[in-house]
Amino acid sequence: MEVTVLTLVEGCSSGGPRTQVLTLVDELKARGVSADTVEASNESVIDEVVKSGRAIVVAADTDAQLRAVVHRCVRILAPPPSKRPDDLPKDRTVPDLPPLGVLALGETPGLVGRLGLPSTPGEVAEAMVAGNVKRTDFFRHDGGGITLDGVRIGGGDYLWRGVVALDDAVLSDGSEQIITCVVANADGFAQANGMTLVEPSPTDGQMDVAVAVPVVVPARWGIGKLRFGRPRQRIEVRRARGRAVQVAPSDDTKLIEDGIVEDLKRKRSWWIERGAVGWYVSPAA
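The structure displayed is predicted, hence computed values, not measured ones. (Residues numbered from 1 in each chain as written. Predicted model: local features only at pLDDT ≥ 70, side-chain atom pairs only at ≥ 80, totals over all residues. Heavy atoms only, no water.)

Attention shifts here to the pattern of salt bridges. For the coordinates displayed, the defined rule picks out 22 salt bridges. The closest approach of N and O atoms between Arg135 and Asp96, which form a salt bridge, is 4.0 Å. Within this pair, whereas Arg135 is found in strand 5 (residues 133-141), its partner Asp96 is found in the loop between helix 3 (63-77) and strand 4 (100-104), the two being separated by 39 residues in sequence. In this structure Asp96 comes out as partly exposed when scored by relative accessible area, which is 48%. Salt bridges sharing common partners tie together Asp63, Arg114, Asp149 and Asp187. (Salt bridge = Lys/Arg side-chain N within 4 Å of Asp/Glu carboxyl O. Helix = DSSP H or I, 4+ residues; strand = E, 2+ residues; numbered from the N terminus. Buried < 20%, exposed > 50% of the residue type's maximum accessible area, 1.4 Å probe, protein only.)

The subject of this paragraph is the nonpolar core. The biggest cluster of nonpolar side chains holds 32 residues, and the ones touching the most others in it are Leu6, Val58, Val70, Val74, Phe138, Leu148 and Trp279. For this core, the secondary structure elements donating two or more residues are strand 1 (2-8), helix 2 (43-52), strand 3 (55-60), helix 3, strand 4, helix 4 (110-114) and strand 20 (268-280). Tallying contributions element by element places helix 3 first for this core, with 5 residues. Among residues more than four places away in sequence, those in contact with Val74 are Val94, Leu97, Phe138, Arg140 and Ile146. In this structure, Val151, Ile153, Met207 and Val245 belong to the second largest nonpolar core, which totals 22 residues. (Core = buried A, V, L, I, M, F, W, Y, C linked by side-chain atoms within 4.5 Å. Contact = heavy atoms within 4.5 Å.)

Laid out in structure tokens, this is it:
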């Protein structure tokens with residue numbers, strides 16, 4: 001077995017060799033594995049490692065760094081629609097991606113815990129040698145990117161309007177104000193504004209979508225048609241599970257996707273790639 005430990009240095013808390021990386025290399029070599037290290041600050045270096053055919057361990061501080069490597073795997077290995085192979089499952093646009101090991105650096109990426117991945121150099125080395133792989137879902141979207149954990153659109157005190165439709169279920173028709181919308185694969189985006197919105201699983205082949213909207217409840221007591229007291233406001237959460245969602249905002253709003261903040265100014269569609277990405281996990285996992 002040949003392994004490359006790939007460290008994404010841009011955005012890391014420090015560059016250069018990291019103690020955890022050197023320890024992992026020693027752990028792999030002690031188990032008879034050929035291991036080298038590569039530091040990447042741009043996509044071309046990641047692409048070279050992906051194309052090498054060697055097993056990869058991503059040494060990462062953040063979920064966004066893991067997403068960057070999976071994204072490059074998709075860009076390199078996913079066939080164009082005109083060359084779709086006959087053996088590709090009908091509900092997938094990418095083949096099974098090569099499994100990745102993950103070595104947590106500094107601030108442990110949230111996906112390490114949420115996916116049940118090994119957390120120490122020794123555990124990562126043991127998982128690589130054992131070859132035990134856990135396959136999970138991820139999302140692609142029509143903006144060209146991918147999502148491993150989830151997306152939150154809006155949130156906080158800012159309200160926005162837009163159409164949210166999951167498969168055949170319309171969760172918002174655009175006429176109402178929305179507090180927040182989440183599109184979840186793992187549970188990093190299960191909560192927002194102090195509410196548990198979804199209970200997703202990254203291995204069930206479905207995305208969990210929830211929309212939270214403020215609803216005014218009129219006074220409930222009175223005499224005849226007369227009502228007394230003040231109307232109350234409550235939060236209604238609409239939930240659905242499926243394979244593809246479209247969000248078309250009428251108002252400019254923000255989204256957070258795997259920890260990256262960006263503007264959402266036009267319609268975006270996400271769809272699920274069932275079991276398309278693999279992770280090296282401990283034999284007991």
